[in-house]
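Here is what each chain is made of, one letter per residue.
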Amino acid sequence: MKNLLPNFKTTYRIIGGSFAFLSLSLFARGLITSMRQFKVPEETLSSLHYIDAIFWVYVHMFVIGMLVFFMGSAITEEKYQFRMSLFLFVATCFYTFLDFRTSDSFLGNSLYQGDASIIPGLIGVIVNLLFLQLLVRKSKSK
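Caption draft 1: Broad picture of the packing of helix α1 (residues 8–29) against helix α4 (residues 48–74). For the pair α1 and α4, the least separation of the axes is 7 Å and the interaxial angle reads 160 degrees. One element, α1, and the other, α4, form an angle in the roughly antiparallel class. The handedness of the crossing between α1 and α4 comes out as left-handed. Classifying every residue of the contact of α1 with α4 by side-chain character gives 19 nonpolar, 6 polar and 2 charged.

Take a look at the structure:
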């Protein structure tokens, strides 16, 4: 089982690369076009404040993705790998909660509508499971 699960470096590269790729793919499609799939009202989509905020969110997502990607190589000591994985696990659990809270599902308030609104939460669950498997493995190795 140990060989099936990704190690610290690989986990961080998967997560960081995925965040960066998802962000860049949204920019490539166009942020406003991408947000239409969540049925954001046109008057909101045309607001310069909303455009600025959503631009900032996805630049931030790219930067966080690259930070996570490079931390995979930079953090070599076991105790710091555990601490960073714990911190990122807690942080991404909170992000996942926020994603589900606004989804169009029984867990959310349907701020963002349609089937696509649950995708960010599902991505969050996968990210959390990747961090969790690291935490479990690192705590067993202590």
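Caption draft 2: Seen up close, the pattern of salt bridges. The final tally for this structure, using the stated rule, is 2 salt bridges. Where Arg36 meets Glu42, a salt bridge forms, and the shortest distance between an N and an O atom there is 2.8 Å. When its relative accessible area of 40% is taken as the criterion, Arg36 is described as partly exposed. The exposure class assigned to Glu42 is partly exposed, which follows from its relative accessible area of 45%. Two residues, Glu78 and Lys138, come together in a salt bridge whose shortest N-O distance is 3.5 Å. Placement of Glu78 in helix α5 (residues 78–101) and of Lys138 in helix α6 (residues 119–141) is noted, with a sequence separation of 60 residues between them.

Caption draft 3: Geometry of the nonpolar core. Judged by nonpolar contacts, the single largest core of 15 residues is most densely connected at Tyr12, Ile15, Val68, Met71, Leu88 and Phe131. Of all elements in the fold, only α1, α4, α5 and α6 reach the threshold of two or more residues within this core. Ranked by residues supplied to this core, first place goes to α6 with 5 residues. Setting aside residues no more than four positions away along its own chain, Val68 makes contact with Tyr12, Ile15, Gly16 and Leu88. Counting residues in each nonpolar core, the second largest holds 10 residues, with Leu31, Met35, Tyr50 and Tyr58 among its members.

Caption draft 4: Quick look at the packing of α5 against α6. Across the interface, α5 lies against α6 with an axial gap of 9 Å and an inter-helix angle of 155 degrees. Compared by their axis directions, α5 and α6 come out roughly antiparallel. Viewed along their axes, α5 and α6 form a crossing whose handedness is left-handed. Residues of the contact of α5 with α6, tallied by class, amount to 14 nonpolar, 9 polar and 3 charged.

The rules behind these values
- Residues numbered from 1 in each chain as written.
- Predicted model: local features only at pLDDT ≥ 70, side-chain atom pairs only at ≥ 80, totals over all residues.
- Heavy atoms only, no water.
- Axes fitted to C-alpha atoms, helices over the stretch in contact; angles between N-to-C directions.
- Helix = DSSP H or I, 4+ residues; strand = E, 2+ residues; numbered from the N terminus.
- Parallel < 35°, antiparallel > 145°, perpendicular 65-115°, else oblique.
- Left-handed = near helix turned anticlockwise from the far one by under 90°.
- Nonpolar A, V, L, I, M, F, W, Y, C, P; charged D, E, K, R; others polar.
- Salt bridge = Lys/Arg side-chain N within 4 Å of Asp/Glu carboxyl O.
- Buried < 20%, exposed > 50% of the residue type's maximum accessible area, 1.4 Å probe, protein only.
- Core = buried A, V, L, I, M, F, W, Y, C linked by side-chain atoms within 4.5 Å.
- Contact = heavy atoms within 4.5 Å.

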